[in-house]
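# Remarks on the overall topology
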Amino acid sequence: MDDQSAFTQLDSFFQRSVCQKAGAPLREDIEIGIQTDTNHTFSLIKNQGKLSLLRNSPSAPDLTFFLGSKSTEALSDIESDDIGEIGVTVLGLMLEQAKDYRISAKIHTHPITLFRKGYMGVLALGGSPVLSFLAKKGIGNLSSIKAAFLKLKE
């Protein structure tokens, strides 16, 4: 997929009201990199209470998501308006075995900074579907969440 199509699909995804609602706990100073399979990186920021996808690379991202060649389309195909269902789908893509669909992540900051900037609040908005999914994968408490974040930082 070319970068213009990827940007359009990702921008539509993040502009959905459910995604904006999911981003509510995030602080205004968050910056997330989203790298496509063609190695182009977009920036996801929060400005004036709204998530916005920018065409430029982030200057100091908190984390970066790496998208397989079909994961952008998989995200845009999500029809649910339930934060928990979308969260489980995204987490499922992060565990996907098929490289084309997999989303991976790398954390560039300390896990405490992620807590402070509201990233854990996004997980909490996913409610019981997200918490149940994480528990089934052995991530059932704050210590295991921190350990999972530290693993993404390696």
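A short tour of the structure in this document, coming up. (Residues numbered from 1 in each chain as written. Predicted model: local features only at pLDDT ≥ 70, side-chain atom pairs only at ≥ 80, totals over all residues. Heavy atoms only, no water.)

## Here we look at the environment of Pro25
Note the following rule: Elements are defined by DSSP. Helices are runs of H or I of four residues or more, strands are runs of E of two residues or more, and each kind is numbered from the N terminus.
Following the sequence through the fold, Pro25 ends up in the loop between α2 (17-22) and β1 (31-35). Residues Pro25 and Ser12 lie 13 residues apart in sequence; the distance between their C-alpha atoms is 20 Å.

## Quick notes on the sheet that holds strand β4 (residues 63-67)
The line we're drawing: Strand pairing is assigned whenever DSSP identifies at least 2 bridges connecting the two strands. Axis definition: a line fitted to C-alpha atoms, over the contacting stretch in the case of helices. Angles run 0 to 180 degrees between N-to-C directions.
Spatially, five strands are ordered β3-β2-β1-β4-β5 in an open sheet, and the strand pairing comes out mixed. Either end of the sheet is taken by a strand with one partner, and the two such strands are β3 (50-54) and β5 (103-107). Averaged over all pairs of adjacent strands, the angle between their axes in this sheet comes to 20 degrees, without regard to strand direction. Of the pairings in the sheet, the one linking strand β2 (residues 41-47) to β3 comprises five bridges and is antiparallel in character. The residue bridging Leu44 from the neighbouring strand is Leu53, located in β3.

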